[in-house]
Amino acid sequence: MYIDPHVHMVSRSTDDYVHMARAGCVAITEPAFWAGYDRSSPQGFFDYFRQLTDSEPRRAAQYGIRHHTWLCINPKESEDPIFAREVIALIPEFLKKQNVLGIGEIGLNKNSRNEMEILEAHLQLASDHNLLVLVHTPHLEDKLKGTLLILDAIRRFPKLDPGRVLIDHVEEHTAKHVLDRGFWCGMTLYPDTKCTPQRAVDIIETYGSERIWMNSAGDWGHSDPIAVPKAQMEMRRRGHLESLVRQVTFTNPERFLSQSGRFSAEPLRPTAPDITR
Amino acid sequence: MTRAQVVDAYFMEHRARLLDVAAFLDRIDRAGHGVDDFRMSAYRSAMTVLVDGQPQRARRILELLSDPSTTPIASAHTKGATGAHDPSGKTH
Ligand SMILES: [Zn+2]
């Protein structure tokens, strides 16, 4: 049994839901992200938020998987602050939806001033509404700098408790910075550009298992929606106790996400397809 | 796992990856003479970390490939990343 706390199911097929359910996935959380192209209007985000809060949870339920989401405009589309603020203004009405856990995945991409301005606008929204935060850290050569800028930015919002903020896509050079400041961290199991299952387990062995989870971040790119059960296999291969496997792939995400008051990983009987839609 | 168990479990997999690295470098040579771009310069520097006998090689290689600056850039001209820091700043 496992939770995949970061996966972009709007980009995945029904076959992926079948494979995930068979591999033991009982609950997922889906952060709002970049579609692979820039939306041409804020209305494009309005429709995306409807998909995340309405149709995708129903699709997941057909496979017995509980679907939750996070809302934002992602940093890749934050270079135009006027556009981005129009999108942020749409978010409060969606916060009433029962599967919305908080704001995410916000953060930085190229570590620009405009991205930082929009990151701060999201942090203000989370602070005002006392919401959980899921943070995307930049890719590759931009990750270390971006992670440190993000950690400093969050510190400028004293109402945001680090225990309610998860910094995602950590690797060997950023995990300790995140954990030392009291935040949660997520490791993304990507075939090429982030962590392999082996390296993710190395990071747990090096930095401990207290505030850490693993996710597939499966999306429209080269990614693997059943990466988390592969990391479970890697832990077992090394002889780790089943209790540790469960902690990092179920209990930890459940503990962090339950702070929202809306998360559930209770067994869900698969629903029938809605033939009226 | 003991030291011997780690080697037993992973040697074959990483023997293959070592050969992948060697074959990649051979492929570049076969493609003709020229100068390394910033990515390959960084790659060759990173390879020295593998054999320096010091711990935390993965962390140190990632740091070596990272942008060392500490303040936000004026604006983003691309969405992508190249995998290594470009000292010329042309790829931001
Ligand atoms: Zn993502």
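Residues numbered from 1 in each chain as written. Chains lettered and ligands numbered in written order. Predicted model: local features only at pLDDT ≥ 70, side-chain atom pairs only at ≥ 80, totals over all residues. Heavy atoms only, no water.

Colleague: Just checking my understanding: could you explain the overall build of chain B for this structure?
Modeller: Looking only at helices and strands, chain B features three helices and zero strands. The order of α-helices and β-strands along chain B, N terminus first, is α-α-α. A compact globule built from 92 residues should have a C-alpha radius of gyration of about 12 Å, whereas chain B, at 17 Å, is more than 25% larger. By the burial criterion, 18% of the 92 residues in chain B qualify as buried. Across chain B, contacts joining residues at least 24 apart in sequence account for 24% of those joining residues at least 6 apart. Looking at chain B as shown, the accessible area adds up to about 6,600 Å², and 59% of this sits on carbon and sulfur atoms. If you average the places of the 12 positive and of the 11 negative side-chain charges in chain B, the two averages end up 2 Å apart. (Helix = DSSP H or I, 4+ residues; strand = E, 2+ residues; numbered from the N terminus. Rg over C-alpha atoms; globule rule 2.2 N^0.38 Å. Buried < 20%, exposed > 50% of the residue type's maximum accessible area, 1.4 Å probe, protein only. Contact = heavy atoms within 4.5 Å. Areas by Shrake-Rupley, 256 points an atom, 1.4 Å probe, with all protein chains shown as cover. Lys, Arg positive; Asp, Glu negative; His and termini not counted. Charge placed at Lys NZ, Arg CZ, Asp CG, Glu CD.)

Colleague: How should I be thinking about a nonpolar patch on the surface in this particular structure?
Modeller: Taken together, the side chains of B:Val7, B:Phe11 and B:Met12 make up a nonpolar region of the molecular surface, amounting to roughly 340 Å² of accessible area. For B:Phe11, the location among the structural elements is in helix α1 (residues 3-30). (Patch = residues over 30% accessible without salt bridge, like charges linked within 9 Å, V, L, I, M, F, W, Y side chains within 5 Å. Salt bridge = Lys/Arg side-chain N within 4 Å of Asp/Glu carboxyl O.)

Colleague: What is the right way to read the coordination of the zinc ion from this model?
Modeller: Angles between donor atoms at a metal ideally measure 109.5 degrees for a four-coordinate tetrahedral arrangement and either 90 or 180 degrees for a six-coordinate octahedral one. Residue and element names in this part refer to chain A. In this structure, His-6 (NE2), His-8 (NE2) and Glu-105 (OE) serve as the protein donors to the zinc ion, at separations of 1.9 to 2.1 Å. As a motif over one chain, the donors of the zinc ion read H-x1-H-x96-E. Of this pair, His-8 sits in the loop between β1 (2-4) and α1 (14-22) while Glu-105 is found in strand β4 (residues 100-107), placing the two residues 97 residues apart along the sequence. When sorted by exposure, His-8 lands in the same class as Glu-105, which is buried. (Donors = N, O, S within 2.8 Å, 3.2 Å for Na, K, Ca; no water.)

Colleague: Please explain the sheet that holds strand β3 (residues 66-71) of chain A as it appears in this structure.
Modeller: Paired through their backbone hydrogen bonds, the strands of a sheet run either parallel or antiparallel. Residues and elements named next belong to chain A. Across the sheet, eight strands lie side by side as β1-β2-β3-β4-β5-β6-β7-β8; this open sheet has parallel pairing. Because the sheet does not close on itself, it has two edges, and the strands there are β1 and β8 (212-215). Shown here is a sheet whose adjacent strand axes are inclined to one another by a mean of 25 degrees, direction ignored. Of the pairings in the sheet, the one linking β3 to β4 comprises three bridges and is parallel in character. Opposite Thr-69, over in β4, you have Val-100 as the bridge partner. Sheet strands in contact with helix α5 (residues 113-129) are β4 and β5 (132-136), and its direction is about 160 degrees off that of β4. Helix α10 (residues 242-257) rests against β1, β2 (25-31), β3, β4, β5, β6 (165-167), β7 (184-188) and β8 of the sheet, and its axis sits at about 110 degrees to β8. (Pairing = 2+ DSSP bridges. Axes fitted to C-alpha atoms, helices over the stretch in contact; angles between N-to-C directions.)

Colleague: Can you help me understand the domain arrangement of chain B in this one?
Modeller: Quite often, the size of an interface is put as the accessible area lost when its parts meet. All names here are of chain B. Partitioning chain B into structural domains gives domain 1 (1-34) and domain 2 (35-66). Contacts between domain 1 and domain 2 engage five residues on the former and six residues on the latter. Here domain 1 packs against domain 2, burying approximately 460 Å² in sum over the two surfaces, 71% of which is carbon and sulfur. Broken down residue by residue, the surface that domain 1 buries against domain 2 is led by Phe-24, Leu-25 and Gly-34, which jointly contribute 67%. Joining domain 1 to domain 2, the criterion identifies zero salt bridges. The interface formed by domain 1 and domain 2 contains zero residue pairs in polar contact (both at pLDDT 80 or more). (Domains from an automatic or database assignment. Buried area = accessible area lost by both parts, 1.4 Å probe. Polar contact = N/O pair within 3.5 Å; in protein donor to acceptor, adjacent residues only side chain to side chain.)

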